[in-house]
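Each chain is listed here by its residues.
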Amino acid sequence: MFRLSRIRQGLAHRTVSRRRTRGQSLVEFALLLPVFMLFFATTLDLGRLAAAQLSVANAAKEGAFQASTTPTDFNSSNPCPSTGASNLVLCRVQLELKGSGISVNPSDIVVSCSQTGCPTGMGSRVTVSVTGRFQLLTPVLSPFFGGTNVAFTRSSTVQRETLPAPATAPPFSTTTSSTTTTSTTTTSTGTATTSTSTTTTSTTTACTIPSAGFTYSTTPNSGQAPVVMSVVDTTTSPACAITSWFWDWGDGSTSMQKDPTPHTYLVRGKYFVTLRVANSAGTNTTGAVEVWVK
């Protein structure tokens, strides 16, 4: 009996000791859980911050590419219009940052040129600077960045787009000829007289800037990616021939064919498509066509 009682006491002691160990583990886990969560959130913030800086740098590059073509089509006082037909530099920057969680106001975008007026030509460069605003999840990194609302600036500089001078086309000429024949007259002396005159008129029409235009269609109608866009050039230049075509698909891709092959959009977003044409008189660019990809 005494031995059985000692065994029962030992079992009871082990049970109580096991319960104390489990309780102690739960308390320790509850104390360490906030520390682990804070460490995880801080690591996540570092990754988000690196991705945000890369996104702002890419947005500055996109803005610089657009500014190399249309440096004066920028107004930091106005937002991007819904049609995307104007303020193209700002629209392209904000389109690149769409859905990234980074806040960029129109006043956060600055366009500057190395030469007054941003003329075309070698050595003429344009710079686009973008300031992005990013919200941290935790205050752990705030002492290093001056607060949880982090602002950082990225810039990109490119050569102002300079196309080769097109070959000079001869003036467009038309020639009109007319013939006038008088009637035959017979006199009493028996002499017949016939009079014929020919008049030639030459008209010369000077070469003028072409009228850029195109028609397009997209499939599928739902706008669900992938979206395929087909275009047909309808540019007119009656006095001289077109020397170059430049299609901007709005996603960083371009084409210099008259009627390019259909273009495919794989990434969700809003894109602005334009066509710029040139002849010996100058260049002309269409308004932007908006393509939505879901």
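A few points on the structure. Computed from a prediction, not measured in an experiment: that's the story for all the values here.

All told, the structure shown has four aromatic pairs when counted by the stated rule. Here the aromatic rings of phenylalanine 214 and tyrosine 216 are separated by 6.4 Å at their centres, their planes lie at 55°, and the arrangement is tilted. Look at phenylalanine 214 and you get buried, because its relative accessible area is 14%. By way of ring pairs, the aromatic residues Phe214, Tyr216, Trp247 and Trp249 are connected into one cluster.

This paragraph deals with the environment of threonine 264. Position of threonine 264 among the secondary structure elements: in strand β12 (residues 263–265). Sequence-wise, threonine 264 and threonine 219 are 45 residues apart; in three dimensions their C-alpha atoms are separated by 9.6 Å. Beyond its immediate chain neighbours, meaning those up to four positions away, threonine 264 contacts Pro226, Val227 and Val228.

Time to look at the state of the cysteines. This model, assessed by the stated rule, comprises three disulfides. Here cysteine 113 pairs with cysteine 118 through a disulfide, and the sulfurs are 1.3 Å apart. Taking the sign of the torsion about the S-S bond as the criterion, the disulfide between cysteine 113 and cysteine 118, at about -70°, is left-handed. Ordering the disulfide-forming cysteines of the protein by sequence position, one finds them joined as 1-2, 3-4, 5-6.

To continue, consider the sheet that holds strand β9 (residues 227–233). Strand pairs in the sheet, formed through backbone hydrogen bonds, run parallel or antiparallel to each other. Across the sheet, three strands lie side by side as β8-β9-β12; this open sheet has antiparallel pairing. Looking at the sheet topology across the chains shown, the edges are occupied by β8 (214–219) and β12. Each strand axis lies, on average, 25° off the axis of its neighbour in the sheet, ignoring direction. As paired elements, β8 and β9 share six bridges and run antiparallel to each other. Bridging from a neighbouring strand, serine 217 pairs with serine 230 of β9.

On to the environment of phenylalanine 39, then. Mapped onto the secondary structure, phenylalanine 39 falls in helix α1 (residues 2–69). Given the relative accessible area of 61%, phenylalanine 39 is considered exposed. Measuring from C-alpha to C-alpha, the distance between phenylalanine 39 and threonine 138 comes to 9.7 Å, with 99 residues separating the pair along the chain.

Looking now at the environment of threonine 286. Here threonine 286 lies in the loop between β14 (282–285) and β15 (289–293). Separated by 51 residues in sequence, threonine 286 and threonine 235 have C-alpha atoms that sit 9.6 Å apart. Once you skip the residues sitting within four places of it in the chain, threonine 286 turns out to touch Ala212, Gly213, Phe214, Thr274 and Leu275.

What follows deals with the pattern of salt bridges. Across all of its chains, the model carries six salt bridges by this definition. A salt bridge links aspartate 248 to arginine 92, with the shortest nitrogen-to-oxygen separation between them at 3.4 Å. Of this pair, aspartate 248 sits in strand β10 (residues 244–248) while arginine 92 sits in helix α2 (residues 88–96); the two residues are 156 residues apart in sequence, bridging distant segments of the chain. Accessibility expressed as a relative area gives 10% for arginine 92, which makes it buried. A salt bridge links arginine 133 to aspartate 108; the nearest nitrogen and oxygen atoms lie 3.0 Å apart. Taken together, the residues span a long stretch of sequence, with arginine 133 in strand β2 (residues 125–135) and aspartate 108 in the loop between α2 and β1 (109–113) at a distance of 25 residues. The class of arginine 133 is partly exposed, set by a relative accessible area of 32%. Classification of aspartate 108 by relative accessible area gives buried; the value is 7%.

In this structure, strand β13 (residues 269–279) lies alongside β14, joined through four bridges in antiparallel fashion. From the neighbouring strand, valine 277 faces β14, where its bridge partner is asparagine 284. Connecting β13 to the antiparallel partner β14 that follows it, the hairpin turn spans two residues.

What counts and how
- Residues numbered from 1 in each chain as written.
- Predicted model: local features only at pLDDT ≥ 70, side-chain atom pairs only at ≥ 80, totals over all residues.
- Heavy atoms only, no water.
- Phe/Tyr/Trp six-rings, centres within 6.5 Å; stacked < 30°, edge-to-face > 60°.
- Buried < 20%, exposed > 50% of the residue type's maximum accessible area, 1.4 Å probe, protein only.
- Helix = DSSP H or I, 4+ residues; strand = E, 2+ residues; numbered from the N terminus.
- Contact = heavy atoms within 4.5 Å.
- Disulfide = S-S within 2.5 Å.
- Pairing = 2+ DSSP bridges.
- Axes fitted to C-alpha atoms, helices over the stretch in contact; angles between N-to-C directions.
- Salt bridge = Lys/Arg side-chain N within 4 Å of Asp/Glu carboxyl O.

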